[in-house]
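What the coordinates show
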Amino acid sequence: MPHDLAAIEQAGPWLDTDAAARFLGREPGTLRGWRSLGKGPAFRLVSGRFVRYHIDDLDAFRRREAENS
């Protein structure tokens with residue numbers, strides 16, 4: 001779990017790619033790659049161009065990854 005989890009959670013439930021990557025302990029480029037492949041955690045497009053991840057979706061994704069490893 002990232003060291004700055006409290007700061008991430010204070011930002012609200014919707015995280016941008018950089019914050020979502022920190023939450024998952026990954027690089028932002030990994031999340032961008034997953035999106036282009038249709039993989040990874042669920043995300044939403046806001047105003048048709050801003051990618052946002054809900055913290056609950058990220059947590060569920062992290063739990064699924066832990067179960068599958």
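The text that follows walks through the structure, step by step, so that each part is easy to find. (Residues numbered from 1 in each chain as written. Predicted model: local features only at pLDDT ≥ 70, side-chain atom pairs only at ≥ 80, totals over all residues. Heavy atoms only, no water.)

Our focus in this paragraph is the packing of aromatic side chains. Given two aromatic rings, their pairing is described by the distance between the two centres and the angle made by the two planes. Under the defined criterion, the tally for this structure stands at two aromatic pairs. Ring centres of Phe43 and Tyr53 lie 6.1 Å apart, and the angle between their planes is 55°; on these two criteria the pair is classed as tilted. Taken together, the positions of Phe43 in the loop between helix H3 (28–37) and strand E2 (44–46) and Tyr53 in strand E3 (residues 50–54) put the pair 10 residues apart, joining distant regions of the chain. Classification of Tyr53 as buried rests on a relative accessible area of 1%. Across the ring face of Phe43, the terminal group of Arg35 is positioned such that the distance to the ring centre comes to 5.8 Å. (Phe/Tyr/Trp six-rings, centres within 6.5 Å; stacked < 30°, edge-to-face > 60°. Helix = DSSP H or I, 4+ residues; strand = E, 2+ residues; numbered from the N terminus. Buried < 20%, exposed > 50% of the residue type's maximum accessible area, 1.4 Å probe, protein only. Lys NZ or Arg CZ within 6 Å of the ring centre and 35° of its normal.)

It is at 10 Å that the axes of helix H2 (residues 17–24) and helix H4 (residues 55–68) come closest, and there the two elements cross at 35°. By crossing handedness, the relation of H2 to H4 is classed as right-handed. Where H2 approaches H4, its residues Ala20, Phe23 and Leu24 are matched on the opposing element by Ile55, Leu58, Asp59, Phe61 and Arg62. When the residues that make up the contact of H2 with H4 are grouped by side-chain class, the tally is six nonpolar, no polar and two charged. (Axes fitted to C-alpha atoms, helices over the stretch in contact; angles between N-to-C directions. Left-handed = near helix turned anticlockwise from the far one by under 90°. Contact = heavy atoms within 4.5 Å. Nonpolar A, V, L, I, M, F, W, Y, C, P; charged D, E, K, R; others polar.)

It is worth spelling out the pattern of salt bridges at this point. Applying the stated rule across the entire model yields four salt bridges. Across the pair Arg63 and Asp59 runs a salt bridge, and its minimum N-O distance is 3.3 Å. In this pair, Arg63 and Asp59 both sit in helix H4, four residues apart, roughly one turn of the helix. Given the relative accessible area of 26%, Asp59 is considered partly exposed. (Salt bridge = Lys/Arg side-chain N within 4 Å of Asp/Glu carboxyl O.)

Now for the nonpolar core. Among soluble globular proteins, nonpolar side chains are generally buried collectively. If you look at the biggest cluster of nonpolar residues, it comprises 13 residues, and the most contacted ones within it are Leu15, Ala20, Phe23, Leu24, Leu31, Tyr53 and Leu58. Put simply, the parts of the chain that give this core at least two residues each are H2, H3, E3 and H4. Apart from residues no more than four positions distant in its own chain, Ala20 is found in contact with Leu15, Leu31, Tyr53 and Leu58. (Core = buried A, V, L, I, M, F, W, Y, C linked by side-chain atoms within 4.5 Å.)

Turning our attention to the side chain of His54. Examined against the element boundaries, His54 turns out to sit in strand E3. On the basis of relative accessible area, His54 is assigned to the buried category, the value being 16%. Reaching out from His54, the side chain makes a polar contact with the backbone nitrogen of Asp56 at a distance of 3.1 Å. Setting aside chain neighbours within four positions, we find His54 in contact with Pro13 and Trp14. (Polar contact = N/O pair within 3.5 Å; in protein donor to acceptor, adjacent residues only side chain to side chain.)

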